[in-house]
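# Remarks on the overall topology
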Amino acid sequence: EAQVTQNPRYLITVTGKKLTVTCSQNMNHEYMSWYRQDPGLGLRQIYYSMNVEVTDKGDVPEGYKVSRKEKRNFPLILESPSPNQTSLYFCASSAGIGYGETQYFGPGTRLLVL
Amino acid sequence: AQSVTQLGSHVSVSEGALVLLRCNYSSSVPPYLFWYVQYPNQGLQLLLKYTSAATLVKGINGFEAEFKKSETSFHLTKPSAHMSDAAEYFCAVSAGNQFYFGTGTSLTVIP
C-alpha cells in the first residue's frame, strides 16, 4: 500500500530535550516536505526537499532541522524544543513539484512541549 | 509571494443543502490549485485539483470546484451535504517549489 508513515504519532517532551520525528514514504517520491498545523493558521511549510541531499527552508524553519540522506526518509529534528513548537506536524511527499503533483500526507504527529 | 485566502473559518449547512466553501488565491502566474479534506484525527486527503486543463474540476465524494481566473477564485461546492462531509477543508496552491495552504474551513452538517 502506497503510504507516508510518521513516528511517533504522539509525543510529550520537555523544553530543550532533542527529538526526532521520522517520516518515510514507499512511493519513490522525489519531493518531501514537513508542515505544522496550528489552529487558525492552517498548515505552514517548515522545510522541503527536492531530492536526496537537497533541502530548503519553507516559511517557518526556525528551530527545526531536516536531512535527506535516503530518498524514502525525511526526518524532522528539533534540537532544543520550546513550548511554541507544540503543534501537529505532517510529513508529505509527491512525485515532484511545479506541475500540479499531488502531495500525499502522513497521519500526523502531535507534539506537546512542556 | 503566493497566498490563499479562505473566507469563513466555520460554515454550517443542513443535511441535503448546498455546500459552498470559498477560496481565493494570489498568484502572478497560472497556479496549480488543490482542495484537501481533513477528517478528525487524520491526515489530509486530496479532494480535487486544478492543473490548467478543464476549469470545472470534479473530485471525490461528489465535490467539485470551478477555477475562475478573472475572480482569482477556486470555490468548492457540493449540491447536497451529507453528515459524513463534516470535516476541515483546506485550499492550497502550488507555486515554485512550495505549497501554500489557506487557514482552513470547518464544515458542520446539521441533521
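A brief structural summary. (Residues numbered from 1 in each chain as written. Chains lettered and ligands numbered in written order. Predicted model: local features only at pLDDT ≥ 70, side-chain atom pairs only at ≥ 80, totals over all residues. Heavy atoms only, no water.)

Once that is clear, we can look at the side chain of Gln-85 of chain A. In this structure, Gln-85 of chain A sits in the loop between strand 8 (76–78) and strand 9 (87–94). Polar contacts involving the side chain of Gln-85 of chain A include one to the main-chain carbonyl oxygen of Gly-63 of chain A, which spans 3.1 Å. (Helix = DSSP H or I, 4+ residues; strand = E, 2+ residues; numbered from the N terminus. Polar contact = N/O pair within 3.5 Å; in protein donor to acceptor, adjacent residues only side chain to side chain.)

Each neighbour pair has its own omega, and for Asn-7 of chain A with Pro-8 of chain A the value is -5°, a cis peptide bond. Tracing the backbone shows Pro-8 of chain A in the loop between strand 1 (4–7) and strand 2 (10–13). Of note in the backbone geometry, Asn-41 of chain B takes a positive phi value of approximately 60° without being a glycine. Its location among the elements puts Asn-41 of chain B in the loop between strand 5 (32–38) and strand 6 (44–50). The exposed category is assigned to Asn-41 of chain B, whose relative accessible area is 63%. Although it is not a glycine, Asn-61 of chain B sits at a positive phi angle of roughly 60°. Mapped onto the elements of the fold, Asn-61 of chain B is located in the loop between strand 7 (56–58) and strand 8 (64–68). By relative accessible area, which is 42% here, Asn-61 of chain B ends up partly exposed. (Buried < 20%, exposed > 50% of the residue type's maximum accessible area, 1.4 Å probe, protein only.)

This part takes up a nonpolar patch on the surface. Residues and elements named next belong to chain A. On the surface, Ile-12, Val-14, Leu-112 and Leu-114 cluster together into a nonpolar patch covering about 380 Å² of accessible area. By secondary structure assignment, the location of Ile-12 is in strand 2. Judged by its relative accessible area of 61%, Ile-12 falls in the exposed class. (Patch = residues over 30% accessible without salt bridge, like charges linked within 9 Å, V, L, I, M, F, W, Y side chains within 5 Å. Areas by Shrake-Rupley, 256 points an atom, 1.4 Å probe, with all protein chains shown as cover. Salt bridge = Lys/Arg side-chain N within 4 Å of Asp/Glu carboxyl O.)

Once that is clear, we can look at the state of the cysteines. A full pass over the atoms with the stated rule returns two disulfides over all chains. Covalently, Cys-23 of chain A is tied to Cys-91 of chain A through a disulfide, its sulfur atoms 1.8 Å apart. One quick way to see it: the torsion about the S-S bond of Cys-23 of chain A and Cys-91 of chain A is about -70°, and its sign makes the bridge left-handed. With a gap of 68 residues between them, Cys-23 of chain A in strand 3 (residues 19–25) and Cys-91 of chain A in strand 9 connect regions that are remote in the sequence. Residue classification places Cys-23 of chain A among the buried positions, given a relative accessible area of 2%. The disulfide bridge from Cys-23 of chain B ends at Cys-91 of chain B, spanning 1.9 Å between sulfur atoms. (Disulfide = S-S within 2.5 Å.)

Below, the discussion takes up the packing of aromatic side chains. What the rule picks out here adds up to 16 aromatic pairs over all chains. With centroids separated by 5.4 Å and ring planes inclined at 80°, the aromatic side chains of Phe-105 of chain A and Tyr-36 of chain B adopt a geometry described as edge-to-face. In this pair, Phe-105 of chain A sits in strand 10 (residues 104–105) while Tyr-36 of chain B sits in strand 5, so the two residues belong to two different chains. For the ring pair Phe-99 of chain B and Phe-101 of chain B, a centre distance of 5.7 Å and an interplane angle of 45° mean the geometry is tilted. Comparing Phe-99 of chain B with Phe-101 of chain B, the two get one shared label, buried. One aromatic cluster is present, built from ring pairs that chain together Tyr-35, Phe-90 and Phe-105 of chain A together with Phe-34, Tyr-36, Phe-90, Phe-99 and Phe-101 of chain B. (Phe/Tyr/Trp six-rings, centres within 6.5 Å; stacked < 30°, edge-to-face > 60°.)

A few words on the side chain of Thr-109 of chain A. In this structure, Thr-109 of chain A sits in strand 11 (residues 109–113). Within polar-contact distance, the side chain of Thr-109 of chain A engages the side chain of Gln-6 of chain A at 3.1 Å.

Right, let's talk about the interface of chain B and chain A for a bit. Taken residue by residue, the interface counts 21 residues in chain B and 26 residues in chain A. Counting the surface lost from both chain B and chain A, the interface buries some 1,800 Å², and carbon and sulfur atoms represent 52% of this. The three residues of chain B that bury the most area against chain A are Asn-97, Gln-98 and Phe-99 of chain B, which together make up 29% of that side's buried surface. Inspection of the region where chain B meets chain A yields zero salt bridges. Here chain B is connected to chain A by seven residue pairs in polar contact (both at pLDDT 80 or more). Of all the secondary-structure elements, those providing two or more residues to the side of chain B that touches chain A are strand 5, strand 6, strand 10 (87–95) and strand 11 (98–101) of chain B. (Contact = heavy atoms within 4.5 Å. Buried area = accessible area lost by both parts, 1.4 Å probe.)

Honestly, that's just the spatial picture; any functional story needs more than this.
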